[in-house]
Amino acid sequence: MNTITQLDCRFRPKWHYAAERNWLNDPNGLVYSNGTYHLFYQHNPHGDVWGNMSWGHATSADLLNWEEQPVAIACDDEEAIFSGSAVVDVHNTSGFGAGGVPPLVAIYTSAYAPASPLAGRQAQSLAYSTDDGATWTKYDGNPVLDRASADFRDPKVFWYDGDAGSYWVMVAVEALDREVVLYKSADLKSWEYLSSFGPANATDGVWECPDLFELPVDGDAQNTRWVLVVNLSPGGIAGGSGGQYFIGTFDGVEFRSETTVTEGLQPDGSRMAEYGWLDWGRDYYAAVSFSNVPAGRRLMVGWMNNWQYGASTPSDGWRSAMSLVREVRLVSRGGRPALVQAAVDPFAAAGMELFALDRRRLPEGVTWLPAEASGEVLRIDAEFEPGAAGRTGLVLRAGGDFGAGASGGERTVLAYDSVAGELTLDRTASGNVGFHETFPSVERVAVPLEDGRLRLRIFLDRCSVEVFAQGGLATITDQVFPAGSSTAVGLLAEGDGGTLVNLSVTG
Ligand code: FRU
């Protein structure tokens, strides 16, 4: 039961998309067309928990300010509309276009209900729009790809243009088998099997919402790699839902991973930290990328929640938000391509610097910043030279009875431990953590210092903390539910806590 309280309204994010009312989960059908970014999403139009799955819809010109649109593709008696993708069918290969205008085509999973002759199956279906995403028509030849499977879902489709030819490629999952399956098509309607990938690396949960895209390494178009994204739940690095990725090659038929650590289905927890993770926090799931984005940018969005407790987070009629949109790139690190991520920054255009500090040795304990540096919705940029032994970092969203130490009152603590070489985000005392037993948690990621320095960019919104460390080499995304008055920011130094190089707080 959800009680609607005034108190909970305060969590509606300023810079993260949430439906005006009711539930959302995975981002779907992310596509750019004619100056507009479309964000479709798993949506229950009739309640604030999962159910009646349909594609909700929001649009934006800048990936920051979203306008909610009517439900795009609604469930009916025979099928729920599960996750999938959308493409601009530039050459009208599908024939859905009219009057020379390319159609938008959505490729979604039909989760067949008992009233359907295909009850119990999941198969891939099409819907199309000839008015730039405003209205959608289901294709009357659905489903277009049926493996007679109960767990075949989440198709991500892209146009492949390479040595093997030019055609549509679909990546989808056999979720229980921990397998990504690839198909090709000339017209989006008839599909031919190409290959499978998996199980590999993290397999301690079902595989969902895959993606596959090519990126230049260090911006060099002659040296590219393919990134295969595989979300899984549970079995993520921080517990519950999480997103892993593989870096490798794709020849138009088969993806070959260069980053597979172990093969097979044996869960080996000790190797988890060696796998590629899109995020090391608890709340970045079902992340997939936009198609058709200009200038070859690869932009991703994740559902900022976790299936472990997702249905229990505080709600006042809406529940769950999307992450900030992230641009992902590949850069060389230690002779290998590494994934780096940067958020599309809400503060870049509209933000004002509220407070800044330059180089100084940090005194032991917590140094609270002045009131003008506090807030619920902030960007904090900080650079540290951590000491040889100790903890250095920031105390965020602090309020209540907090003192000079690292405990007391409400607080979310982001700290770098020099001995462990590890960055941790501790939300165990972040505010309302009691709504689910799995919610209080400490996230951790090994982060090598660069020139002895730790660089952090942190986005705070009313119910979230997103951390980008070392230029986005590692990210941690967590929901938090503090009191509206818990807005203080502090600098933390314990033991040989080290030096602050610079700090800037923008609001
Ligand atoms: C992932 C997921 C998908 C599925 C959708 C249903 O969060 O389980 O695999 O298509 O959610 O809402």
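Residues numbered from 1 in each chain as written. Predicted model: local features only at pLDDT ≥ 70, side-chain atom pairs only at ≥ 80, totals over all residues. Heavy atoms only, no water.

Asks: Help me understand the overall build of the protein in this model?
Replies: A count of helices and strands for the protein gives 1 helix and 35 strands. Against the 2.2 N^0.38 benchmark of 23 Å for 507 residues, the protein shows a C-alpha radius of gyration of 23 Å, consistent with a compact globule. With respect to the three principal axes, the spread of C-alpha positions in the protein is 70 × 55 × 45 Å. With 507 residues in all, the protein has 58% of them scored as buried. Sequence-distant contacts, at least 24 apart, represent 61% of the contacts inside the protein between residues at least 6 apart. For the protein, the accessible area works out to roughly 18600 Å², and carbon and sulfur atoms hold 49% of it. (Helix = DSSP H or I, 4+ residues; strand = E, 2+ residues; numbered from the N terminus. Rg over C-alpha atoms; globule rule 2.2 N^0.38 Å. Buried < 20%, exposed > 50% of the residue type's maximum accessible area, 1.4 Å probe, protein only. Contact = heavy atoms within 4.5 Å. Areas by Shrake-Rupley, 256 points an atom, 1.4 Å probe, with all protein chains shown as cover.)

Asks: Looking at this structure, I do not really get the sheet that holds strand S20 (residues 318-319). What am I missing?
Replies: Adjacent strands of a sheet pair through backbone hydrogen bonds, lying either parallel or antiparallel. Spatial strand order, S4-S3-S2-S1-S20: 5 strands in an open sheet with mixed pairing. Among the strands making up the open sheet, the edge pair consists of strand S4 (67-73) and S20. By the bridge criterion, 7 bridges tie strand S1 (residues 22-33) to strand S2 (residues 36-44) in an arrangement that is antiparallel. Looking at S2, one finds that Val 31 is bridged to His 38. (Pairing = 2+ DSSP bridges.)

Asks: Mind showing me how you'd approach the environment of Gly 29 here?
Replies: One can find Gly 29 in strand S1. Given the relative accessible area of 1%, Gly 29 is considered buried. Sequence spacing of Gly 29 and Gly 248 is 219 residues, and the spatial spacing of their C-alpha atoms is 25 Å.

Asks: Before we go on, may I ask you to explain the site of the ligand in this structure?
Replies: Neighbouring the ligand are the residues Asn 25, Asp 26, Gln 42, Trp 50, Met 53, Phe 82, Ser 83, Arg 153, Asp 154, Glu 208, Tyr 285 and Trp 307. Glu 208 has a polar side-chain atom sitting 2.8 Å from an oxygen atom of the ligand. Contact distances for the ligand include 2.9 Å between an oxygen atom and a side-chain N or O atom of Trp 307. Across the complex, the protein chains shield 95% of the 320 Å² of accessible surface that the ligand would expose by itself. A breakdown of the residues in the shell around the ligand according to their chemical character gives 5 nonpolar, 3 polar and 4 charged. (Near = heavy atom within 4 Å. Polar contact = N/O pair within 3.5 Å; in protein donor to acceptor, adjacent residues only side chain to side chain. Nonpolar A, V, L, I, M, F, W, Y, C, P; charged D, E, K, R; others polar.)

Asks: Just checking my understanding: could you explain the pattern of salt bridges for this structure?
Replies: Note that side chains of opposite charge can pair when their charged atoms are close. Here the structure, examined in full by the defined rule, presents 33 salt bridges. Here Arg 360 makes a salt bridge to Asp 358, at a shortest N to O gap of 2.9 Å. Via salt bridges that share partners, Arg 333, Arg 359, Glu 383, Glu 385, Glu 450, Arg 453 and Arg 455 belong to a single interconnected network. (Salt bridge = Lys/Arg side-chain N within 4 Å of Asp/Glu carboxyl O.)

Asks: How should the sheet that holds strand S8 (residues 137-138) be read in this particular structure?
Replies: Read across the open sheet, the 4 strands follow the order S5-S6-S7-S8; overall the sheet is antiparallel. A single partner strand is all that each edge strand has here, and the edge strands are strand S5 (79-88) and S8. In the sheet, S5 pairs with strand S6 (residues 104-112) via 9 bridges, with the strands oriented antiparallel. Residue pairing across strands places Glu 79 opposite Tyr 112, the latter belonging to S6.

Asks: What is the right way to look at the pairing of strand S34 (residues 488-495) in this model?
Replies: Walk down a regular strand and you will see the side chains alternate between the two sheet faces. Most of S34 sits inside the fold, with 6 of its 8 residues counted as buried. As paired elements, strand S25 (residues 365-368) and S34 share 4 bridges and run antiparallel to each other. The residue bridging Gly 365 from the neighbouring strand is Ala 493, located in S34. One ladder, built from 7 bridges, connects strand S27 (residues 390-399) with S34; its direction is antiparallel. Residue pairing for S34: Arg 391 is matched across the bridge by Glu 494.

Asks: Help me understand the environment of Trp 159, please; the structure alone is not making it clear to me.
Replies: Note that Trp 159 resides in strand S9 (residues 152-162). Note on Trp 159: relative accessible area 34%, which makes it partly exposed. It is 9.6 Å that separates the C-alpha atoms of Trp 159 and Asn 292, two residues lying 133 residues apart in sequence. With sequence-adjacent residues up to four places away left out, Trp 159 is seen in contact with Ser 166, Tyr 167 and Trp 168.

Asks: Sorry if this is basic, but what is going on with the domain arrangement of the protein here?
Replies: Interface extent is often summarised as the accessible area lost during association of the parts. As far as domains go, the protein holds domain 1 (22-343) and domain 2 (347-506). Taken over C-alpha atoms, the centre of domain 1 sits 31 Å from the centre of domain 2. Facing the 26 residues of domain 1 at the interface are 26 residues of domain 2. Summing both partners gives a buried area of about 2100 Å² for domain 1 against domain 2, and 57% of it is carried by carbon and sulfur. The three residues of domain 1 that bury the most area against domain 2 are Trp 280, Arg 282 and Met 304, which together make up 26% of that side's buried surface. Across the pair Arg 427 and Asp 283 runs a salt bridge, and its minimum N-O distance is 2.9 Å. At the boundary of domain 1 with domain 2, the tally comes to 19 residue pairs in polar contact (both at pLDDT 80 or more). Broken down by secondary-structure element, the contributors of at least two residues to the side of domain 1 that touches domain 2 are strand S21 (326-333) and strand S22 (336-343). Per element, the largest residue contribution to the side of domain 1 that touches domain 2 is 6 residues, and it comes from S22. (Domains from an automatic or database assignment. Buried area = accessible area lost by both parts, 1.4 Å probe.)

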